[in-house]
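Structural overview
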Amino acid sequence: MTESNYDEIMRLLCDRLSSLTNSEVTITADTNLISELSIDSIKLLNLIMEIEDTFDISIPINALADVQTVHELASLISKIKSTH
Amino acid sequence: MNLLEKLDAAAAKRKALLPEGIGAFGIPIEEIYSATEARIGDRRVLLLGTNNYLGLTFSPECIQAAHKALDNEGTGTTGSRMANGSYYGHRALEREFADFYECCAGIVFTTGYQANLGTISGLVGPGDTVLIDGDSHASIFDGCILSGAEIIRFKHNDMVDMEKRLRRLGKRTETTLIIVEGIYSMLGDQAPLAEIVHLKNKYNCALLLDEAHSLGVLGEKGQGLAEKTGLLKEIDFITGTFSKSLCSIGGFCVSNHPQLDQLRYVSHPYIFTASPSPATIASTRAALQLLRNGNELRKQLWRNCTQLYTQLKKTGYTLGPEPGPVIAAILDSPRQALQIWQSLLEHNIYVNLILPPAAPDGKSLVRCSVNAAHTTEQIAYVGDTFEKLFRQVLNS
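What counts, and at which threshold
- Residues numbered from 1 in each chain as written.
- Chains lettered and ligands numbered in written order.
- Predicted model: local features only at pLDDT ≥ 70, side-chain atom pairs only at ≥ 80, totals over all residues.
- Heavy atoms only, no water.
- Helix = DSSP H or I, 4+ residues; strand = E, 2+ residues; numbered from the N terminus.
- Buried < 20%, exposed > 50% of the residue type's maximum accessible area, 1.4 Å probe, protein only.
- Contact = heavy atoms within 4.5 Å.
- Areas by Shrake-Rupley, 256 points an atom, 1.4 Å probe, with all protein chains shown as cover.
- Lys, Arg positive; Asp, Glu negative; His and termini not counted.
- Charge placed at Lys NZ, Arg CZ, Asp CG, Glu CD.
- Rg over C-alpha atoms; globule rule 2.2 N^0.38 Å.
- Core = buried A, V, L, I, M, F, W, Y, C linked by side-chain atoms within 4.5 Å.
- Domains from an automatic or database assignment.
- Pairing = 2+ DSSP bridges.
- Right-handed = clockwise from strand over helix to strand, strands pointing away.
- Axes fitted to C-alpha atoms, helices over the stretch in contact; angles between N-to-C directions.
- Buried area = accessible area lost by both parts, 1.4 Å probe.
- Salt bridge = Lys/Arg side-chain N within 4 Å of Asp/Glu carboxyl O.
- Polar contact = N/O pair within 3.5 Å; in protein donor to acceptor, adjacent residues only side chain to side chain.
- Nonpolar A, V, L, I, M, F, W, Y, C, P; charged D, E, K, R; others polar.
- Phe/Tyr/Trp six-rings, centres within 6.5 Å; stacked < 30°, edge-to-face > 60°.
- Patch = residues over 30% accessible without salt bridge, like charges linked within 9 Å, V, L, I, M, F, W, Y side chains within 5 Å.

1. With respect to the overall build of chain B
- When you go through chain B residue by residue, the secondary structure sums to 14 helices and 14 strands.
- Along the first, second and third principal axes, the C-alpha set of chain B runs to 60 × 55 × 50 Å.
- Among the 396 residues that make up chain B, the fraction classed as buried is 56%.
- If you take every contact in chain B between residues at least 6 apart in sequence, the share linking residues at least 24 apart comes to 68%.
- For chain B, the accessible surface area stands at approximately 16,700 Å², while carbon and sulfur atoms represent 53% of it.
- Of the charged side chains in chain B, 38 are positive and 41 negative; the average position of the first set lies 2 Å away from that of the second.

Pasting the structure below:
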């Protein structure tokens, strides 16, 4: 994964998550998507679809099972993008 | 949080949606009188929440066949198809399904759930891809999980999204299985099969069509969406269940690929379970004959579907996009849905209540299932009651 690629994804994710949650939590790489941001499954799926279109990738649902933090989601997207 | 505390947390979530004392889930049916009526508590209710689409649960042919099998072959096979559980009836039913669908191969499973679980996990594995509709039934999703294949989801019935995802797969489409359903169980809408077949051929994938809700319902012969659209020969694998139009329990897969037979040796949901009981197989065989000759039943079913759909639509309910045996009123909140469901029961009408996350897009559903045995008067009573509740609940 290239650094710029990962950084670009992280920036996009943080922006989108901030507008989705409207919470006081400062979003960092270690922020837990479910326990800290309380994103419900529908919002999360919509966000994933938006990201997929932005990067022209498909994220397998089973790969999301291992994703808990913003960093893990950014790494997954970056990995899929690099093999695409 | 330990294992039991996790269950407590899940139960608390459920109770927040559905207060104690309201038995919308797992409501006990005390006595069943016919294909359309039963007793719940002290009420004689009209059944509008079963999948008994052709109304065959009490057909004398099916009951007699089951009795005979029970007398002659006993209550159960006590074993797997791989061991001692393969009787003449199982093999005969497989041949009859293959013949019905003009296919060379057929396999019978113990439940409809296992038909999808066993077929999907037998066909694909790690390194392969499954492309599934966003509104897929849990049996499809669980089959995909069990397979270990990569699961890609496309937006429900959205062919632009589906093609986008096929394009993104590149060469991997050669090991991709597309899975769609003839009629979707939540909103009762049908898959755009002609466009799906076009994309399947364009990208060189395989296609599995689950006809669980469309078998017996669509097409002149009742084969389902594949027949209705004239695309039977284009479908690689068709799965379905015995527990809807065929009024028993079990499932099947048919195909024109002779390799289907290999599933008997690799599919755990087929191998590691007892085979269907002789009575189940016998009543299913009788029901399949009735289904094949059931054009009049289908016409009656569709008259009933159209009557109820038209009345609910005219009343102002938001419904799925097309009439069919599954007619779901889409409501904004669980509270509204619960109120309508409860009021319907007080009017002696039993329907299904579906709350988030089971319903699509965070909505709540009050879902009716229409069958061929409902009379015009029964359907009119249901329509009128929905109309009254629309004014009382949704306009209050």
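2. Overview of the overall build of chain A
- A tally of regular secondary structure across chain A gives four helices and zero strands.
- Walking chain A from its N terminus toward its C terminus, one meets helices and strands in the order α-α-α-α.
- In terms of C-alpha radius of gyration, chain A reaches 12 Å, essentially the compact-globule figure of 12 Å for 84 residues.
- Out of the 84 residues belonging to chain A, those deemed buried represent 44%.
- Counting contacts in chain A only where the partners sit at least 6 residues apart, residues at least 24 apart contribute 58% of the total.
- When the accessible surface of chain A is totalled, it reaches about 4,600 Å², and 49% of it is carbon and sulfur.
- In chain A, which carries 5 positive and 14 negative side-chain charges, the distance between the mean positions of the two groups comes to 3 Å.

3. Remarks on the nonpolar core
- Residues B:Tyr101 and B:Val180 are the most contacted members of the largest nonpolar core, which totals 89 residues.
- When residues of this core are assigned to domains, at least three fall in each of domain 1 (17–54 + 296–394) and domain 2 (60–292) of chain B.
- Apart from the residues within four sequence positions on either side, B:Val180 is in contact with B:Phe154, B:Ala191, B:Leu193, B:Ile196, B:Leu207, B:Leu208, B:Leu209 and B:Asp210.
- Ranked by size, the runner-up nonpolar core spans 25 residues in total, among them A:Leu13, A:Ile27, A:Phe55 and A:Ile80.

4. Some points on unusual backbone geometry
Residue and element names in this part refer to chain B.
- At Glu102, a position not held by glycine, the phi torsion is positive, near 55°.
- Assignment of secondary structure puts Glu102 in the loop between α3 (88–100) and β4 (105–109).
- Owing to a relative accessible area of 35%, Glu102 belongs among the partly exposed residues under this scheme.
- For Asn348, which is not glycine, the phi dihedral falls at a positive 65°.
- Within the element layout of this structure, Asn348 appears in the loop between α13 (334–346) and β12 (349–350).

5. Some words on the pairing of strand β5 (residues 129–133) of chain B
Residue and element names in this part refer to chain B.
- The buried count for β5 comes to five of five residues, which makes it a mostly enclosed element.
- Pairing geometry for β5 and strand β6 (residues 150–154), over five bridges, is parallel. The residue bridging Thr129 from the neighbouring strand is Glu150, located in β6.
- Regarding the hand of the β-α-β motif, the stretch spanning β5, helix α5 (residues 138–147) and β6 is right-handed.
- Here β5 runs beside strand β7 (residues 176–181); their pairing, made up of four bridges, is parallel.

6. Looking at the sheet that holds strand β11 (residues 326–331) of chain B
All names here are of chain B.
- Here three strands make up an open sheet; going across it, the order is β11-β14-β13 and the pairing antiparallel. The two strands at the open ends of the sheet, each matched to only one other strand, are β11 and β13 (352–354). Taking the axes of each pair of neighbouring strands and ignoring which way they run, one obtains an average angle of 25° across the sheet.
- When β13 meets strand β14 (residues 364–369), the two strands line up antiparallel, connected through three bridges. For Asn352, the partnering residue across the bridge sits in β14 and is Arg367.

7. Some points on the interface of chain A and chain B
- Between chain A and chain B, the residue contacts involve 13 residues of the former and 13 residues of the latter.
- Between chain A and chain B, roughly 1,300 Å² of surface is buried when both sides are summed, and carbon and sulfur atoms account for 54% of that area.
- Taken together, the links from chain A to chain B amount to five salt bridges.
- Inspection of the region where chain A meets chain B yields eleven residue pairs in polar contact (both at pLDDT 80 or more).
- The set of elements that each furnish at least two residues to the side of chain A that touches chain B consists of α2 (41–55) and α3 (61–64) of chain A.
- Looking at which element gives the most residues to the side of chain A that touches chain B, the answer is α2(A), with five residues.
- For the side of chain A that touches chain B, the residue count by class is seven nonpolar, three polar and three charged.

8. Some remarks on the packing of aromatic side chains
Residues and elements named next belong to chain B.
- Counting across every chain of the model gives seven aromatic pairs over all chains.
- When the ring of Phe97 is compared with that of Phe252, the centres are 4.2 Å apart and the planes differ by 15°; the resulting orientation is stacked. Taken together, the residues Phe97 in helix α3 and Phe252 in strand β10 (residues 251–255) connect sequence positions 155 residues apart. Grouping residues by exposure puts Phe97 and Phe252 together as buried.

9. Side note on a nonpolar patch on the surface
- There is a patch of nonpolar side chains on the surface, built from B:Ile29, B:Ile32, B:Phe58 and B:Ile63 and spanning about 330 Å² of accessible area.
- As for its placement among the helices and strands, B:Ile29 is situated in the loop between α1 (3–17) and β1 (31–32).

10. Concerning the pattern of salt bridges
Residue and element names in this part refer to chain B.
- The tally for this structure, following the rule as stated, stands at 22 salt bridges over all chains.
- Among the ionic pairs, Arg165 bridges to Asp161, the shortest N-O distance being 3.1 Å. Of the two residues, Arg165 and Asp161 both sit in helix α6 (residues 159–169), four residues apart, roughly one turn of that helix. Comparing Arg165 with Asp161 shows no difference in burial state: the two are buried.

11. Side note on the environment of B:Glu163
- Along the chain, B:Glu163 falls in helix α6.
- Sequence spacing of B:Glu163 and B:Leu4 is 159 residues, and the spatial spacing of their C-alpha atoms is 44 Å.

12. Here's the deal with the domain arrangement of chain B
All names here are of chain B.
- With domains assigned, chain B is organised as domain 1 (17–54 + 296–394) and domain 2 (60–292).
- For domain 1 and domain 2, the distance between their C-alpha centres works out to 27 Å.
- Contacts between domain 1 and domain 2 engage 20 residues on the former and 22 residues on the latter.
- In terms of surface lost to domain 2, no three residues of domain 1 exceed Tyr53, Arg298 and Glu322, which account for 32% of the buried area on that side.
- Along the contact surface separating domain 1 from domain 2 lie zero salt bridges.
- Linking domain 1 to domain 2 there are eight residue pairs in polar contact (both at pLDDT 80 or more).
- Looking at the side of domain 1 that touches domain 2 residue by residue, the classes come out as 14 nonpolar, three polar and three charged.

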